[in-house]
Amino acid sequence: MKTNALKSALILATTLSLTACNGISALQKSIDQLGYIYNGVPLATGGPGTIVGGAPHSLQIISDSETCFPAQMNGSPTNLYRKSAADVADVQKSWSVSANLAGKVMDYLNSTTPLFKVGIGFNHVGKMNIKMRGVSVEYIDSIDLQEFYETKMSSRCKSILNQYGLIMQALKVTSLEFTFIDKSGAEINLDSPQLSQIADLSSGVKYSVENNTSLVIDSPRFIGYQLGKAQEDDHGMTFFRASKVKNKQYLFEDTRLFHMD
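The rules behind these values
Residues numbered from 1 in each chain as written. Predicted model: local features only at pLDDT ≥ 70, side-chain atom pairs only at ≥ 80, totals over all residues. Heavy atoms only, no water. Helix = DSSP H or I, 4+ residues; strand = E, 2+ residues; numbered from the N terminus. Disulfide = S-S within 2.5 Å. Buried < 20%, exposed > 50% of the residue type's maximum accessible area, 1.4 Å probe, protein only. Contact = heavy atoms within 4.5 Å. Polar contact = N/O pair within 3.5 Å; in protein donor to acceptor, adjacent residues only side chain to side chain.

What am I meant to see in unusual backbone geometry here?
Backbone geometry follows two general trends: most residues other than glycine have a negative phi, and most peptide bonds adopt the trans configuration. One non-glycine residue, Asn-212, lies in the positive phi region at around 65°. One can find Asn-212 in the loop between β14 (207–210) and β15 (214–233). Backbone geometry places Asn-247, a non-glycine residue, at a positive phi of 55°. Within the fold, Asn-247 resides in the loop between β16 (236–246) and β17 (249–254).

Right, dumping it as structure tokens:
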């Protein structure tokens, strides 16, 4: 993986402030630009090593990462997992959505881990801004994966990989920041009574208010992924990877740089 190029892509993407008629489309576009497939269900789990099935628009988890790709075996690390050096603390992705579409965006963000619902005082809001904090890349090391497959993986897991896809690389966000803009264009002050009127926070949600105007919610989740599939051949195993979708189908490419005839 070209870490420097990936880091540059992430930093470049942070300069984009996306305002679109559909907030979900804006989010999907930004993830596509980073070279990942938009995850229609932003999972708190479901990162690298997770075996999945189904079409891109209806992804289903078949097996947790620890089932076939454990971080440790018999007390020793497998060294399969990595976090990219592109994990820069202040990298943020941001976009804006009009108030009348905020509910749809929150339905998406609430799909697996409830954050908040639009409150009864949301009629004073003209626009909601969202920033993603702590954007990082988590992935499985391909060389260690090859060795693990050949020497340590069970026959049952090999059989499963012949039928389903594997998340090889994932885009992760550690927290979300929300600011609410009133209809005159000013940021709304989020003191205690005002916050509860605008955002009906779910029970157990960890949050803080910064500078009286930013609601920050700690909710790590994977929002994009690259999918791999295995194919056994005379040389053992070949991995194919998909980072794009066309006509609702994954576009797989051979991960080998050179091909032997």
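Still more to cover.
Just checking my understanding: could you explain the state of the cysteines for this structure?
This model, assessed by the stated rule, comprises one disulfide. Sulfur-sulfur distance for the disulfide between Cys-68 and Cys-157 comes to 2.0 Å. On the sign convention where negative is left-handed, the bridge of Cys-68 and Cys-157, at about -85° about the S-S bond, is left-handed. Within this pair, whereas Cys-68 is found in helix α3 (residues 65–68), its partner Cys-157 is found in helix α6 (residues 155–161), the two being separated by 89 residues in sequence. A relative accessible area of 3% means that Cys-157 is categorised as buried.

What is the right way to read the environment of Lys-183 from this model?
In this fold, Lys-183 is placed in the loop between β12 (165–182) and α7 (192–198). When its relative accessible area of 66% is taken as the criterion, Lys-183 is described as exposed. Lys-183 sits 56 residues away from Lys-127 along the chain, and the two C-alpha atoms are 7.6 Å apart. Residues within four places of Lys-183 in sequence aside, it is in contact with Asn-123, His-124, Val-125 and Gly-126. At 3.0 Å, the side chain of Lys-183 forms a polar contact with the backbone oxygen of Asn-123.

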